[in-house]
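Tertiary structure, described
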Amino acid sequence: MPTAALALAALVLAAAPSLPAAGAPAAPVGAQPGAEARAEVHALVERCVAAYGGKKAVVRLARVREEGTVTSLLHPGQPGRITRVYQRSGKLRVEIAFPGAPVEVRVLDGGRGWRFGEEVGGPFLMSMILQASRLDLPALLAAWENKLEDRGAWEADGATLRVLALEVAPGVVVEAGIDPATGRILRSRGASRGGGPVEFVTTYSDFRTVDGVLVAFHEGNWANGQTTGETVLEKVELPARIDPAAFRP
């Protein structure tokens, strides 16, 4: 099982029970250098968790089913249909259907991934691992707060975001660009140096509340600096159970 996938599986399994307690403590007098910065990160993570609905909402995000439309430079013309099913512990199923094209099915089960029924590795596997982590970002930030790297500010569409990064394995990093005023994640970035540099960026907008959980219904997508299309969700569910067969090729 690839190292990156093992790390992600461990992260998402641990996410729900290890959320920090409410109320960020003030940095104590005489604290070690950097303590004030860590307190700021702690407060930002708490604000993010609260924005998405609090601890109970993050627990509910352990299982998500989404349906909507998707556009792609590879399929100009009519939008396609997309269905995503995610379950914490690194399980993901994505089905994409464009008019006149075969249905593309991507499956991630822990450290293994399949596309069109064929097992894949490299960038294809990494993209699915990163997509699974993006769907669970609030929980990952809370569970691994002490491992986060504060990468400072990032300007996006007139907003100044605070960027927190988490290395899920050597050379594989997920970043969350958080609006300090609202706690919402407005941008994510996943990158890997293994097998050649690969970078995926997603922007989030059209936030709505579904059963007490904040969900971004619009996503803009880029790969290696080039726009690849957008995803517009129409239906989001937080099921109590997902059939295990969904995560088989």
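Described in the following lines is the structure provided in the data block. These figures come from a predicted structure and were not determined experimentally.

Within the protein chain, the regular secondary structure consists of 5 helices and 13 strands. Taken across its 249 residues, the protein chain has 49% of its residues classed as buried. Across the protein chain, the fraction of contacts at a sequence separation of at least 24, relative to all contacts at a separation of at least 6, is 47%. Accessible surface, the protein chain: about 11900 Å² in total, of which carbon and sulfur atoms supply 55%.

Let's shift gears to the pairing of strand β13 (residues 226-237). The pairing of strand β1 (residues 63-72) with β13 spans 6 bridges and is antiparallel. Directly across from V70, in β13, lies its bridge partner T231. Pairing between strand β12 (residues 213-223) and β13: 6 bridges, direction antiparallel. Across the sheet, W222 pairs through a bridge with T227, a residue of β13. Taking the residues that link successive antiparallel strands as the turn, the β12-β13 hairpin has 2 residues, and the phi of N224 there is positive, at about 50°.

You can see E199 is positioned in strand β11 (residues 198-210). Placed 27 residues apart in sequence, E199 and V172 show a C-alpha to C-alpha distance of 9.9 Å. Excluding residues that lie within four positions of it along the chain, E199 makes contacts with R189, G190, A191, W222, A223, N224 and G225. A distance of 2.5 Å separates a polar atom in the side chain of E199 from a polar atom in the side chain of R189.

On inspection of all chains with the given rule, the structure shows 0 aromatic pairs. In this structure, R187 is placed above the aromatic ring of W154, and the distance from its NZ or CZ to the ring centre is 3.9 Å. Here R208 stacks its cationic end above the ring of F217, 4.3 Å away from the centre of that ring.

With that settled, consider unusual backbone geometry. Here the phi dihedral of D211 falls at roughly 50°; this positive angle occurs in a residue that is not glycine. Relative to the assigned elements, D211 resides in the loop between β11 and β12. In this structure, N224 takes a positive phi of about 50° despite not being glycine. Tracing the backbone shows N224 in the loop between β12 and β13.

Along the chain, R187 falls in strand β10 (residues 185-192). Given a relative accessible area of 9%, R187 falls into the buried group. With residues near it in sequence (within four places) discarded, R187 still touches W154, L161, E175, A176, G177, V201, T202, T203 and Y204.

Of all hydrophobic cores here, the largest spans 29 residues; its most connected members are V45, L141, L148, L164, I178 and I185. Mapped by element, the contributors of at least two residues to this core are α2 (35-51), α4 (122-134), α5 (137-143), β8 (159-169), β9 (172-178), β11 and β12. The contact partners of L148, leaving out residues within four places of it in the chain, are R38, V41, V45, L141, L164, A165 and L166. Among the nonpolar cores identified, the runner-up in size contains 14 residues, and V94, I96, V120 and A132 belong to it.

This next bit is on the pattern of salt bridges. Using the criterion set out here, one finds 19 salt bridges in the structure. R65 is the salt-bridge partner of E67, the closest N and O atoms lying 2.3 Å from each other. Note that E104 and R115 form a salt bridge whose closest N and O atoms lie 2.7 Å from each other. Residue E104 is found in strand β4 (residues 104-109), and its partner R115 is found in strand β5 (residues 112-115); the two are separated by 11 residues along the sequence. Of the residues examined, E104 reaches a relative accessible area of 11% and is grouped as buried. It is possible to trace a salt-bridge network through shared partners that takes in E149, R151, E175, R187, R189 and E199.

Another point: α4. The end-to-end C-alpha distance of α4, which contains 13 residues, comes to 18 Å, matching closely the 18 Å that a straight helix rising 1.5 Å per residue would cover. Most of α4 is tucked away: 10 of the 13 residues are buried.

What counts as what
Residues numbered from 1 in each chain as written. Predicted model: local features only at pLDDT ≥ 70, side-chain atom pairs only at ≥ 80, totals over all residues. Heavy atoms only, no water. Helix = DSSP H or I, 4+ residues; strand = E, 2+ residues; numbered from the N terminus. Buried < 20%, exposed > 50% of the residue type's maximum accessible area, 1.4 Å probe, protein only. Contact = heavy atoms within 4.5 Å. Areas by Shrake-Rupley, 256 points an atom, 1.4 Å probe, with all protein chains shown as cover. Pairing = 2+ DSSP bridges. Polar contact = N/O pair within 3.5 Å; in protein donor to acceptor, adjacent residues only side chain to side chain. Phe/Tyr/Trp six-rings, centres within 6.5 Å; stacked < 30°, edge-to-face > 60°. Lys NZ or Arg CZ within 6 Å of the ring centre and 35° of its normal. Core = buried A, V, L, I, M, F, W, Y, C linked by side-chain atoms within 4.5 Å. Salt bridge = Lys/Arg side-chain N within 4 Å of Asp/Glu carboxyl O. Expected span 1.5 Å × (residues − 1).

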